[in-house]
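The residues making up each chain are set out below.
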Amino acid sequence: TTILMDNFIIIFQHILSNTFYPEPQRAIGVGSAFEGWSPREEDIVYRVLVPLIPPPGHTFHLEMDTSGQIPGRNFSIRVELVCTCPREQQGENTLCFLHHPEEQQRGNEEPTFLNTLCTGSYLDVEKTARWFYQLVGASWRALPQSHNWHLVLLPSSRSCKFKVTRGRESLTVEILFGVQQGNSDIFVSSQHTETLFTPSTMWPETYAVAEMRFFRYITSQASGDSWHLRCLQLLARALVGIGFSTYTLKTIVMHLLNTIPVSGWSRRH
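Note that the structure is a prediction, hence the values are computed from the model and not measured. Chains are numbered independently. Their residues run from 1 in the order of the written sequence. Where totals are concerned, whole chains, interfaces and linings use all residues; where local detail is concerned, this predicted model gives features only for residues with pLDDT of at least 70, and gives and counts side-chain atom pairs only at 80 or more. No hydrogens and no water enter the side-chain calculation; it runs on all heavy atoms of the structure.

J.: So what's going on with the pairing of strand E9 (residues 160–166)? Residues and values would help.
T.: Two strands form a pair only when DSSP identifies at least two bridges running between them. Each helix corresponds to a stretch of at least 4 residues labelled H or I by DSSP, and each strand to a stretch of at least 2 residues labelled E; elements are numbered beginning at the N terminus. Where strand E8 (residues 150–154) and E9 come together, five bridges link them in antiparallel fashion. Each residue of the ladder has a partner; that of His150, found in E9, is Thr165. Between the antiparallel neighbours E8 and E9 lie five residues. Here E9 runs beside strand E10 (residues 169–180); their pairing, made up of seven bridges, is antiparallel. Pairing of Phe162 across the sheet is with Val173, part of E10. If you look at the hairpin formed by E9 and E10, you'll find two residues sitting between the two strands, and Gly167 has a positive phi there, around 65°.

Structural data, given as structure tokens:
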């Protein structure tokens, strides 16, 4: 999955070079499949988070939702124009839309970032998902995997989901996209929320990257006979279908991993 996504990102960046669209960064594997404890080994979805950085002349500003209608911390991503006049003066091929509105107006005559991926001034999850589907479809033939694997795009409104197959082998990947909060491991992402309806301009806060790195760190500190991941996998598998949240269980285990020394997670324990 990592190799496949690295190839995709290289092609994405080539396609989007010299455009005013967000630039996808290297994908980060998140979730149980990358943490090493997937409860459904026969039906694994490899989720990756692709950070987006704003194009030249634009910036992302996170606005927290204070309505309380959706559980958790949720944000809107307001796209703002920033001055790039100094870069223009240095001979860089960068238009300053802030101080050259006529160039912005000319850009509105053809697809651009603001009128393609945004609703008003806010980055739209569903429009961004459709954009990713187009990138995946346009890039597939350029990937070396396309010679041996078959690509099938799967429906999803807030992510880009696809399956690649080769004979009896198959691999399902879900691309989530998001914006990093500062230099932290916390992102706002396109993931689904617990509510039935989430506005397309709402981006939930996610700690998936921090959690993946936490499990990676614990594994590096644990001995070879540590069963902390197997324990979590067995418990999560036992809870499937009974309505108890797997994420709640994962949170409990992460707490215990912070309080019980890694030496206390061997098979005999």
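Having seen the model, we can carry on.
J.: Explain the packing of aromatic side chains to me, using residue names and the numbers behind them.
T.: Note on aromatic pairs: the rings of Phe, Tyr and Trp (six-membered ring only in Trp) are paired at centre separations within 6.5 Å, and the planes decide the class, stacked below 30 degrees, edge-to-face beyond 60, tilted for the rest. Taken as a whole and judged by the stated rule, the model has 11 aromatic pairs. Arranged with centres 6.1 Å apart and planes meeting at 85°, the rings of Phe12 and Phe132 form a pair that is edge-to-face. Separated by 120 residues along the polypeptide, Phe12 in helix H1 (residues 2–16) and Phe132 in helix H6 (residues 125–139) bring together distant segments of the chain. For Phe12, a relative accessible area of 0% puts it in the buried group. Phe132 sits in the buried class, given a relative accessible area of 0%. Members of the aromatic cluster, joined through ring pairs, are Phe8, Phe12, Tyr21, Trp131, Phe132, Trp140, Phe162, Phe177 and Trp203. Buried, partly exposed and exposed residues are distinguished by accessible area as a fraction of the type maximum, computed with a 1.4 Å probe on protein chains only: under 20%, between the cut-offs, and over 50%, respectively.

J.: I'd like a description of the side chain of Ser76, backed by residues and values.
T.: Relative to the assigned elements, Ser76 resides in strand E5 (residues 74–81). A distance of 3.5 Å separates the side chain of Ser76 from the backbone oxygen of Thr201, its partner in a polar contact. When checking whether two residues touch, look at their non-hydrogen atoms; a contact exists if any pair is within 4.5 Å. Apart from the residues lying within four places of it in its own chain, the contact partners of Ser76 are His61, Leu62, Glu63, Tyr122 and Thr201. The definition of a polar contact used here is a pair of N or O atoms within 3.5 Å, where within protein one atom must be able to donate a hydrogen and the other to accept one, and adjacent residues in sequence count solely through side-chain atom pairs.

J.: Tell me about the pattern of salt bridges, and please be specific about residues and values.
T.: Every case where a carboxyl oxygen of Asp or Glu lies within 4 Å of a side-chain nitrogen of Lys or Arg is listed as a salt bridge. Under the criterion given, the structure shown has nine salt bridges. Sharing partners across several salt bridges, the network here consists of Glu35, Glu211 and Lys250.

J.: Can you lay out the nonpolar core for me, pointing to particular residues and giving the numbers?
T.: Grouped together as the largest cluster of nonpolar side chains are 41 residues, with contacts concentrated most on Met5, Phe8, Leu123, Phe132, Phe162 and Ile175. Among the secondary structure elements, those contributing two or more residues to this core are H1, strand E3 (45–53), E5, helix H5 (113–117), H6, E9 and E10. Once you skip the residues sitting within four places of it in the chain, Met5 turns out to touch Ala27, Val48, Val50, Phe162, Val173 and Ile175. Core analysis: the next-biggest nonpolar cluster, separate from the first, contains 13 residues, Phe214, Leu232, Ala236 and Met254 among them. Definition used in this section: a nonpolar core is a set of buried Ala, Val, Leu, Ile, Met, Phe, Trp, Tyr and Cys residues joined via side-chain atoms within 4.5 Å.

J.: I'd like to hear about unusual backbone geometry, residue by residue, with values.
T.: Backbone geometry at Asn18 places phi at a positive 65°, although glycine is not the residue there. Position of Asn18 among the secondary structure elements: in the loop between H1 and strand E1 (23–24). Residue Asn18 is classed as exposed on the basis of its relative accessible area, which comes to 76%.

J.: Please give an account of a nonpolar patch on the surface that cites residues and values.
T.: Each patch groups residues whose relative accessible area exceeds 30% and which form no salt bridge, using 9 Å between like charges and 5 Å between nonpolar side chains of Val, Leu, Ile, Met, Phe, Trp and Tyr. Surface accessibility follows the Shrake-Rupley procedure with a 1.4 Å probe radius. Residue values consider only the protein chains on display as shielding. Together, Ile242, Phe244, Ile252, Leu256 and Ile260 make up a nonpolar patch on the protein surface, roughly 410 Å² of accessible area in all. With respect to the element layout, Phe244 can be found in the loop between helix H8 (228–239) and helix H9 (246–259).

J.: Just give me the short version of the packing of helix H7 (residues 208–221) against H9, but keep the residues and values in it.
T.: Every axis in this analysis is a line fitted to C-alpha atoms, fitted for helices over the stretch in contact. Angles between the N-to-C directions lie between 0 and 180 degrees. Close contact between H7 and H9 brings their axes to 12 Å; oriented N to C, the two are set at 40°. Considering the angle they form, H7 stands oblique to H9. Regarding H7 and H9, the two cross each other, and that crossing is left-handed. From H7, Glu211, Phe214, Phe215 and Ile218 reach across to H9, where they touch Tyr247, Lys250, Met254, Leu257 and Asn258. Amino acid classes used here: Ala, Val, Leu, Ile, Met, Phe, Trp, Tyr, Cys and Pro are nonpolar; Asp, Glu, Lys and Arg are charged; the rest, including Gly, are polar. Per-class residue counts for the contact of H7 with H9 are six nonpolar, one polar and two charged. In these notes the angle categories are as follows: under 35 degrees is roughly parallel, over 145 is roughly antiparallel, 65 to 115 is roughly perpendicular, and the rest is oblique. Should the near helix be turned anticlockwise from the far one by less than a right angle, the crossing is left-handed, and should it be turned clockwise, the crossing is right-handed.

J.: An account of the environment of Leu4 is requested, with residue identities and associated values reported.
T.: Here Leu4 is to be found in helix H1. For Leu4, a relative accessible area of 6% gives the class buried. Distance from Leu4 to Val173, taken between C-alpha atoms, is 9.8 Å for residues 169 residues apart in sequence.

J.: Residues and numbers for H9, please.
T.: Here a helix's expected span is defined as the number of its residues, less one, multiplied by 1.5 Å. Given a rise of 1.5 Å per residue, 14 residues ought to cover 20 Å, and the 20 Å separating the end C-alpha atoms of H9 matches this to within 8%. Of the positions making up H9, those classed as buried are Leu249, Lys250, Val253, Met254 and Leu257. For H9, the angular spread of buried residues about the axis comes to 140°, placing them on one side. Opposite the packed face of H9, turned more than 90 degrees from it, sit the exposed residues His255 and Asn258. Elements that come into contact with the buried residues of H9 comprise helix H2 (32–35), H7 and H8. Arc definition: directions from the helix axis to the C-beta atoms.

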